[in-house]
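Below are the chains, spelled out letter by letter.
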Amino acid sequence: MPTDEDPELIATTDGRVPGRRGRATRQRLLECTAELLVATPWRSIKVIDIAREAGTSPATFYQYFENVEAAITVLAEELVEGAGELAALVDGDWSEGVSWDTSVAVVEGFMDYWERNRAVFRVVELTTVEGDLRFQGLRVRALNAVTVTLARVIATQADRSGSPAGEDPMAAAGTLIAMLAQVAGHRYGFEFWGIRTASLIDSQARLVHWSVTGRGAPAGARVAGSEARRPRTGPVVGGGAATARTAEVKAALARARSAAASPPDR
């Protein structure tokens, strides 16, 4: 997970501004933290784990972060920046003829955004439920720009035809964003039950399109790969995305075990 912070805003724990090499080391520590989060509960990650993964020492880690939580907080801040790309998708063209494509792009963009940041979102979601106001604030900030933009788009469309999703654009937008977040967060559970990710995108795109424009999806519109299957009554082992995710987690665990077995640099 790359970070693009302004070098002038980066400082070590003792207040010094690191040079290019120091910023590269800090970046590597953040990337290793993100990699470990993929397969390890965040409270189980130790500073020495991150340092070993990065090929450096705990002392170096403490030059840039007070603790593991501080590094995760920096990663969580990236969620806010990434949400700007989603807001730009939402602010696209919703006129008849292209609105379906815009709707699909919004849903696909949200799924990609969540996937890129899945490990960090897992921490943010958990700590938010536990009442951690700092992470709760980051989650709100990450999704606020998208929600506000979607509400404005709904309000604009409602001026012409009225939104079937309700009279309060912000309530409609908040409901849609909550749906997108929950589905993105649980896509592998859906895959386990044999529900294709393409089908999830198609269903959500239809709801978003209807809520924004007041029109159903155009005749024949369908996300590729979302064709209906026969009814399911139980889990389907080996769903495409679920299989890929399992392989990803296993690879991350292997890297973490390998790093733990290697002595740290002195």
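Here, the structure is the one placed above.
Along each chain, residues carry numbers from 1 onward, in the same order as the chain's sequence is written. Only residues with pLDDT of at least 70 are given local features in this predicted model, and only at 80 or more are side-chain atom pairs given and counted; all residues enter the totals for whole chains, interfaces and linings. Think of the side-chain values as coming from all heavy atoms in the structure, minus any hydrogens and water.

Caption draft 1: Looking closely at the nonpolar core. If you look at the biggest cluster of nonpolar residues, it comprises 65 residues, and the most contacted ones within it are Leu-37, Ile-50, Phe-65, Phe-110 and Leu-150. Starting at the N terminus, helices and strands are each numbered in turn, a helix being any DSSP run of H or I of at least four residues and a strand any DSSP run of E of at least two. Ranked by residues supplied to this core, first place goes to helix H4 (residues 68-90) with 10 residues. Any pair of residues with heavy atoms lying within 4.5 Å of one another is described as a contacting pair. Apart from residues lying up to four places away in sequence, Leu-37 is in contact with Trp-42, Ile-45, Ile-72, Leu-75, Ala-119, Val-120, Arg-122 and Val-123. Working definition of a nonpolar core: buried Ala, Val, Leu, Ile, Met, Phe, Trp, Tyr and Cys residues. They are joined through side-chain atoms within 4.5 Å. The buried label applies to any residue whose accessible area, calculated with a 1.4 Å probe on protein chains only, is under 20% of its type's maximum; exposed applies above 50%, and partly exposed to all values in between.

Caption draft 2: Spotlight on helix H8 (residues 169-185). One less than the number of residues in a helix, times 1.5 Å, gives the span that helix is expected to have. For H8, which comprises 17 residues, the first-to-last C-alpha distance of 24 Å matches the rise-based estimate of 24 Å (1.5 Å per residue) to within 8%. Along H8, the residues that are buried comprise Ala-172, Ala-173, Leu-176, Ile-177, Met-179, Leu-180, Ala-181, Val-183 and Ala-184.

Caption draft 3: Spotlight on the side chain of Ser-211. With respect to the secondary-structure elements, Ser-211 resides in helix H10 (residues 197-213). Ser-211 gets classed as buried once you look at its relative accessible area, which sits at 4%. In contact with Ser-211, other than residues within four places in its own chain, are Ile-154, Ser-163, Pro-164, Ala-165 and Leu-176.

Caption draft 4: Highlighting the packing of aromatic side chains. Each Phe, Tyr or Trp ring (for Trp, its six-membered ring) is paired with any other whose centre lies within 6.5 Å, and the angle between the two planes then decides the class: stacked below 30 degrees, edge-to-face above 60, tilted in between. Enumeration over the complete set of coordinates arrives at seven aromatic pairs. When the ring of Phe-61 is compared with that of Phe-65, the centres are 5.3 Å apart and the planes differ by 45°; the resulting orientation is tilted. Like Phe-65, Phe-61 is buried. Considering the side-chain rings of Phe-110 and Trp-114, the 6.0 Å spacing of their centres and the 20° angle between planes classify their relative orientation as stacked.

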